[in-house]
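An overview of the molecular structure
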Amino acid sequence: MRTVGIIGSGPAGATLASLLTMKGVDVTLFDDGRRPDLIVGESLIPAIVPVLRKLGLEERTAAICQHKPGVTFTFSPEEQVAFCFDSLSGSPMPTYAYNAPRPAFDNLLDQRATELGVKRAKVRAKIERVNGTGLQLAAETLEHAPWFHGRQPDLLVDSTGRGRLFARTLEVPAEIGPRKDVAYFAHYEGFADPMPRGQVIIGRLARGWCWRIPLRDCLSVGVVLNKDDAVQFGATPEERLEGVINHDPLLAAAGQGRRRVTEIATYTNYQLVSRQGHGPGWVMTGDALGFVDPMLSPGMWLALHSAELLAERLDNLPAYSREMRKLIKAWMGLIQYFYDGRIFAMYKTGMFFEQKFPGRISETMHDFFNRKIACMASGLTTTSRFGHGMLQIMSRPAAWKTDPATLAIR
Ligand SMILES: Cc1cc2nc3c(=O)[nH]c(=O)nc-3n(C[C@H](O)[C@H](O)[C@H](O)COP(=O)(O)OP(=O)(O)OC[C@H]3O[C@@H](n4cnc5c(N)ncnc54)[C@H](O)[C@@H]3O)c2cc1C
């Protein structure tokens, strides 16, 4: 039987361990079990639900997570566009998603691997480079898995997230994204609840953007802005997060009675994708392979889906890497429409025509467009050439009424 050693029991690693074990593969998870109390990645997209069902975890997920009906984008204090996943009805995609308290959700995925009989080596794993482009577990790490009897697993998987253990060890270069953002976030009580209940709010700010993600007992509030802009709000993460909230009319109004109930977490330099996803006897999953951007929240699904895809393509790593690269590229393309203002310009132009020519044709166009965007942002048709082609065609006339540059996210 083939032996697989997975390093890192975050969402990607734990999911892969479970799915491979279900297929009868002999899997060992290397992880020391330490997780921070506050982790980003709370807003999930509908495409994650089928993976949770495959793992037998949807009921337990629903018990700890907030039901998420959709996402509202506010592109100015007066203008917003709401996507509700129920516009996906009739498609194979669930018409909802979840907002997940990360440590508890990660524990669920991790516990599931244990329930299914995955072997555990409780250690922060170390690896070494061999024969130029190969990798092996360091002897002191292998000792924590005595069932290997000193032999290396047939396949090593990097699921160490932003630690990017294999890429760092092998000095695999990364494609770095264009944005030089920093994100600050924390949990709050006393913030006004977004409506409908569970709706995620993504807000365009004078500088950067922000998220409001309702969890069951608090609201996750994050701000994302250019590093140079961030320093203008103060020296500490607290000054910067609070400064941005106070500066934005919508956030300030919603957060009048707020009380921060966690520390503030800071994330930087996250838009990067490894140029190589696999090599002799090794492969990367989740963030260890690449992370696109938090806008549209594809990260957790990409992590779980990379596990799903790898479990299917275990004997064809090039095909796995190719497919993941295609997905990552498609998400990057879609997200760019939000950053450069084209999506908001399309909406403004659409609204103009709806007001000027009210009636069935305008409504049908509006519903069609909403459904297409919801399908792409839910994960259902993100790679669809038709979807991307349609966006490209529709974004040109959208500029008739509004210059997208005026709606871009700085
Ligand atoms: C600002 C920001 C906002 C985000 N918001 C969202 C969002 O709203 N929705 C969303 O879906 N995604 C979001 N993401 C992305 C999401 O957080 C990640 O895509 C997701 O956590 C990736 O999961 P993973 O399993 O690949 O990595 P991780 O969650 O990082 O897990 C890696 C695991 O490996 C372990 N590990 C590391 N090194 C070792 C080692 N040497 N030995 C053993 N174990 C090791 C770690 O302890 C950890 O448990 C966001 C990301 C950022 C930066």
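Structure shown above.
Quick caveat, the model's predicted, so the values are computed rather than measured. (Residues numbered from 1 in each chain as written. Predicted model: local features only at pLDDT ≥ 70, side-chain atom pairs only at ≥ 80, totals over all residues. Heavy atoms only, no water.)

Time to look at the pattern of salt bridges. Enumeration according to the criterion identifies 25 salt bridges in this entry. Of the charged contacts in the structure, one is a salt bridge between E323 and R313, with a shortest N-O distance of 2.8 Å. Residue E323 is found in helix α12 (residues 317–339), and its partner R313 is found in the loop between α11 (299–312) and α12; the two are separated by 10 residues along the sequence. Residue classification places E323 among the partly exposed positions, given a relative accessible area of 31%. Overall, the relative accessible area of 24% leaves R313 in the partly exposed class. Here the salt bridges do not stand alone but share partners, grouping D32, R34 and R124 into one network. (Salt bridge = Lys/Arg side-chain N within 4 Å of Asp/Glu carboxyl O. Helix = DSSP H or I, 4+ residues; strand = E, 2+ residues; numbered from the N terminus. Buried < 20%, exposed > 50% of the residue type's maximum accessible area, 1.4 Å probe, protein only.)

Looking now at the nonpolar core. Ranked by internal contacts, the top residues of the largest apolar core, which has 111 residues, are F73 and M295. Ranked by residue count, the leading element in this core is α12, at 11 residues. With residues near it in sequence (within four places) discarded, F73 still touches E79, Q80, V81, F83, I202, M295, L296, F338 and F344. Y184, L219, V244 and A254 belong to the second largest nonpolar core, which has 19 residues in total. (Core = buried A, V, L, I, M, F, W, Y, C linked by side-chain atoms within 4.5 Å. Contact = heavy atoms within 4.5 Å.)

Our next topic: the packing of aromatic side chains. Enumeration according to the criterion identifies 15 aromatic pairs in this entry. For the ring pair Y96 and Y98, a centre distance of 5.7 Å and an interplane angle of 75 degrees mean the geometry is edge-to-face. When its relative accessible area of 6% is taken as the criterion, Y98 is described as buried. Measuring from centroid to centroid gives 6.2 Å for F166 and W282, while their planes differ by 85 degrees, and the two rings are edge-to-face. Residue F166 is located in helix α6 (residues 165–170), and its partner W282 is located in strand β20 (residues 282–284); the two are separated by 116 residues in the primary sequence. Across this residue pair, the class does not change: F166 and W282 are buried. Taken together, F73, F75, F83, F338, F344, Y347 and F369 form an aromatic cluster joined through their ring pairs. Here the basic side chain of R342 rests over the ring of Y337, its NZ or CZ set 3.7 Å away from the ring centre. (Phe/Tyr/Trp six-rings, centres within 6.5 Å; stacked < 30°, edge-to-face > 60°. Lys NZ or Arg CZ within 6 Å of the ring centre and 35° of its normal.)

The full set close to the ligand counts 33 residues, and A12, R35, S43, D287 and M300 are the nearest of them. At 3.2 Å from an oxygen atom of the ligand is found a main-chain nitrogen or oxygen belonging to P11. A125 places a polar main-chain atom, nitrogen or oxygen, 2.9 Å from a nitrogen atom of the ligand. In a pocket analysis with a 2 Å cut-off to the grid points, the ligand is assigned to the largest pocket. Contributing elements (two or more residues each) for the shell around the ligand: α1 (11–22), α10 (286–289) and α11. Residue composition of the shell around the ligand, grouped by class: 16 nonpolar, 10 polar and seven charged. Residues from two domains meet in the shell around the ligand; each of domain 1 (3–38 + 100–174 + 271–332) and domain 2 (181–268) gives at least three. (Near = heavy atom within 4 Å. Polar contact = N/O pair within 3.5 Å; in protein donor to acceptor, adjacent residues only side chain to side chain. 1 Å grid on protein atoms, 1.4 Å probe; cavity = no way out; pocket = protein on both sides within 12 Å on 5 of 7 lines; lining within 4 Å. Sits in = over half its atoms within 2 Å of the grid points. Nonpolar A, V, L, I, M, F, W, Y, C, P; charged D, E, K, R; others polar. Domains from an automatic or database assignment.)

What follows concerns the packing of α1 against α11. Running from amino to carboxyl end, α1 crosses α11 at an angle of 30 degrees, the nearest separation of the two axes being 8 Å. As far as their axial angle goes, α11 and α1 are roughly parallel. Crossing angle aside, the handedness with which α1 passes α11 is right-handed. Note on element contacts: α11 touches α1 through M300, A303, L304, S306, A307, E308, L310 and A311, opposite P11, A12, T15, L16, L19 and L20. Across the contact of α1 with α11, the residue classes break down as 11 nonpolar, two polar and one charged. (Axes fitted to C-alpha atoms, helices over the stretch in contact; angles between N-to-C directions. Parallel < 35°, antiparallel > 145°, perpendicular 65-115°, else oblique. Left-handed = near helix turned anticlockwise from the far one by under 90°.)

The subject of this paragraph is the sheet that holds strand β1 (residues 3–7). An order of β7-β2-β1-β10-β20-β19 is seen for the six strands of this open sheet, with the pairing classed as mixed. Looking at the sheet topology across the chains shown, the edges are occupied by β7 (119–121) and β19 (278–279). Examined bridge by bridge, strand β2 (residues 26–30) and β7 share three bridges and lie parallel to one another. Looking at the pairing, L29 lines up with R120 of β7. (Pairing = 2+ DSSP bridges.)

Function-wise, these values are silent; they only describe arrangement.
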